[in-house]
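Close look at the chain arrangement
Here is what each chain is made of, one letter per residue.
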Amino acid sequence: MNDVLPSETPLWQWVEREIREVLESYGYSEIRLPIVEPTALFERGIGDATDIVEKEMYTFADRNGDSLTLRPEGTAGCVRAGLQHGLFYNQAQRLWYAGPMFRHERPQKGRYRQFHQIGVEAVGLAGPDIDAELVFMTARLWRRFGMRGVQLQLNSLGSPEARQRFRGALVAHFAAHADTLDEDSRRRLHTNPLRIMDSKNPGMQELIAGAPPFFDYIDKESAEHFSVLREMLERAGIDYVVNPRLVRGLDYYSKTVFEWITDRLGAQGTICAGGRYDGLIEQSGGRPTPAVGFALGLERLIALLQADDLAPAGARAPDLYLMPLDAGCVAAAMELAESLRDEVEGLKVQTHCGGGGVKSQLKRADQSGARWGLLLGTEELAAGTVSIKPLRGEGAQRTVTRAEAVAWLRKSLAAGHRAPGAA
Ligand code: ATP
Ligand code: MG
């Protein structure tokens, strides 16, 4: 579980802001959800033969002895909230959420126990058009960030009935090679054979590659859905590859599944993953309701932006470092800083706190990275003036009235105002 330090938060804020803007430009609304839910919600929603439920959840008993779990993903909670508040009743919803998720995994680069996702769920829409919209939205994000070389992989998992038939064929294939199955796969052979396809064990890959292709078993409606989706992507100029091995870790997917993958993050190359889960809402006690969504991993996205030098420079330094040169000026300086913030929109003022001589205050001013120092001594205080000292070599120090200082600051900021987070 990582701390995000002040040197990194501007990058996070920038990424989150850009994503939010893109999601909103497609008419998606934010939903904020609890971080803790009853354990049963995830057991039912995600499926108990998945990695998450089998071995990754942070589960504990609360003071009443109720079993609770730190959310390992957002879809189950989002569906619960939508059903509880009637959001899915006779209407479609386009929702997004952001926040920490918790999985007890083996920590490594790109894989953490607390990580952050931005998730999107479109509920109540059955067609391939909405699947395409989600792909367009993510593709737009990558373009906006200037990212290149993230590959879209696409597959269809068909209807539950088609998957049932496929499941039979898979069990037959893997059972015929039972001696080469690893322990996880042997256990899954009869609980969740599809999950064997998702195994990351290199020793299993050959066997997986030899499995029968799902497309031999796909139902007509899902095949049609898939081909319309592909047409829409092609029309939009979005490159993709069909990966028939793509099954996704979660149980509730049907029809479309997709992942955006990079080869520049080592083994943890999936930055965004999603798909259609038409069965989940009914299974959760609602009426049959189609739904599709995705989640993107912020740590992996940010790592990729950093690796490709696409992240803007760190925090914007203060514009102004205000120094009360004398103990008698401190209260007036505090007041001045407040009124400057009132009067000059967007101004970032840092007030020197903790006293000290002129020299030490100027040293702090320099360390702050501020563009200008503002000096308030007893003389300035008596005369109603302030002294402006350029700290980055822009002319000489000068003393002006407060009104002049305000006017000058407004002008200077308007001329050279940098967006927050930008270099
Ligand atoms: P993986 O196969 O890498 O374990 P997953 O299928 O478990 O991924 P999802 O549940 O689909 O992942 O989550 C969506 C995205 O969230 C992933 O594509 C990834 O970017 C991110 N993610 C998932 N687990 C972690 C983790 N432990 N640490 C960091 N990011 C993660
Ligand atoms: Mg996982």
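A brief look at the structure comes next. Everything numeric here is computed off the predicted structure, so don't read it as measured data. Within each chain, residues carry numbers counting from 1 in the order of the written sequence. Chains carry letters and ligands carry numbers; both start at the beginning, A for chains and 1 for ligands, and go up in the order they are written. Where local features are concerned, this predicted model is filtered to residues with pLDDT of at least 70; where side-chain atom pairs are given and counted, the filter is 80 or more; whole-chain, interface and lining totals use all residues. Computation of side-chain values: all heavy atoms of the structure, hydrogens and water removed.

Considering the site of ligand 1
Residues are counted as near a molecule or strand when any one of their heavy atoms sits within 4 Å of it. Near ligand 1 you find 16 residues, and of these Arg103, Glu105, Arg111, Lys200 and Arg248 are the closest. Under this definition, polar contacts are N or O atom pairs within 3.5 Å; protein pairs additionally need one hydrogen-donor-capable and one acceptor-capable atom, and for neighbouring residues in sequence, both atoms have to be side-chain atoms. Ile271 has a polar backbone atom sitting 3.4 Å from an oxygen atom of ligand 1. The side chain of Arg300 places a nitrogen or oxygen atom 3.2 Å from an oxygen atom of ligand 1. Helical segments are the DSSP runs of H or I of at least four residues, strand segments are the runs of E of at least two, and each set is numbered from the N terminus. Where the shell around ligand 1 is concerned, the elements lending two or more residues are strand S6 (114–123), strand S10 (270–276) and strand S11 (291–297). Element by element, the count of residues in the shell around ligand 1 is highest for S10, at 4 residues. Asp, Glu, Lys and Arg are counted as charged, while Ala, Val, Leu, Ile, Met, Phe, Trp, Tyr, Cys and Pro are counted as nonpolar; the rest, among them Gly, fall into the polar class. For the shell around ligand 1, the class distribution of residues is 6 nonpolar, 4 polar and 6 charged.

Considerations on the sheet that holds strand S2 (residues 36–38)
A pair of strands is labelled paired if DSSP reports no fewer than 2 bridges between them. Ordered by their spatial adjacency, 3 strands build an open sheet running S2-S4-S3, and the pairing between neighbours is antiparallel. Edge positions in the open sheet fall to S2 and strand S3 (58–61), since each of these has one partner strand only. Taking each pair of neighbouring strands and ignoring which way they run, the sheet shows an average axis angle of 35 degrees. One ladder, built from 4 bridges, connects S3 with strand S4 (residues 67–70); its direction is antiparallel. Pairing of Thr59 across the sheet is with Thr69, part of S4. Seen against the sheet, helix H2 (residues 39–46) touches S2, S3 and S4 and runs at an angle of roughly 75 degrees to S2. Helix axes are fitted to C-alpha atoms over the stretch in contact, other axes to C-alpha atoms as well, and angles between N-to-C directions run from 0 to 180 degrees. By definition in these notes, contact holds between two residues if any of their heavy atoms fall within 4.5 Å.

Here's the deal with the pairing of strand S7 (residues 151–156)
Burial analysis of S7 places 5 of its 6 residues in the buried class, which makes it a mostly covered element. Pairing analysis gives 6 bridges linking S7 to strand S9 (residues 254–261), with the strands arranged antiparallel. If you follow Gln153 over to S9, its bridge partner there is Glu259. Only protein chains enter the calculation, and the probe is 1.4 Å; a residue is then buried if its accessible area is under 20% of its type maximum, exposed if over 50%, and partly exposed in between.

Section: a nonpolar patch on the surface
A residue counts toward a patch only above 30% relative accessible area and without a salt bridge, and it is joined to like-charged neighbours within 9 Å or, for Val, Leu, Ile, Met, Phe, Trp and Tyr, to nonpolar neighbours within 5 Å. All accessible areas in this document rest on Shrake-Rupley with a 1.4 Å probe, and a residue is counted as covered only by the protein chains that are shown. By definition here, a salt bridge exists when the distance from a side-chain nitrogen of Lys or Arg to a carboxyl oxygen of Asp or Glu is within 4 Å. Together, Ile35, Val36 and Phe60 make up an exposed nonpolar region whose accessible area comes to about 210 Å². Looking at the element boundaries, Val36 is found in strand S2. A residue is classified by how much of its surface remains accessible, and Val36, at 33% relative accessible area, is partly exposed.

Notes on the sheet that holds strand S16 (residues 398–401)
Here 5 strands make up an open sheet; going across it, the order is S13-S12-S14-S15-S16 and the pairing mixed. The open sheet is flanked by strand S13 (349–351) and S16, the only strands paired with a single partner. Ignoring strand direction, the axes of neighbouring strands in this sheet form an average angle of 30 degrees. Pairing of strand S15 (residues 385–390) with S16, which is carried by 4 bridges, proceeds in the antiparallel orientation.

Focus on unusual backbone geometry
For Lys255, which is not a glycine, the phi torsion comes out positive at approximately 50 degrees. A relative accessible area of 10% means that Lys255 is categorised as buried. Here Asp309, not a glycine, exhibits a phi torsion of approximately 60 degrees, which is positive. You can see Asp309 is positioned in the loop between helix H11 (298–307) and strand S12 (320–324). Given the relative accessible area of 69%, Asp309 is considered exposed.

Quick word on the packing of aromatic side chains
Aromatic ring pairs are defined here through the distance separating the ring centres and the angle between the ring planes. Ring geometry is summarised as follows: Phe, Tyr and Trp rings, the Trp one being its six-membered ring, pair when their centres sit within 6.5 Å, and such pairs are stacked at plane angles under 30 degrees, edge-to-face over 60 and tilted between the two. This structure, assessed with the given rule, holds 8 aromatic pairs. Their ring planes at 80 degrees and their centres at 5.8 Å tell us that Trp142 and Trp260 sit as a pair that is edge-to-face. Of this pair, Trp142 sits in helix H5 (residues 128–145) while Trp260 sits in strand S9, placing them 118 residues apart in sequence. Residue Trp260 is classed as buried on the basis of its relative accessible area, which comes to 4%. Here Phe166 and Phe214 contribute two aromatic rings whose centre-to-centre distance is 5.1 Å and whose plane-to-plane angle is 75 degrees, an arrangement assigned as edge-to-face.

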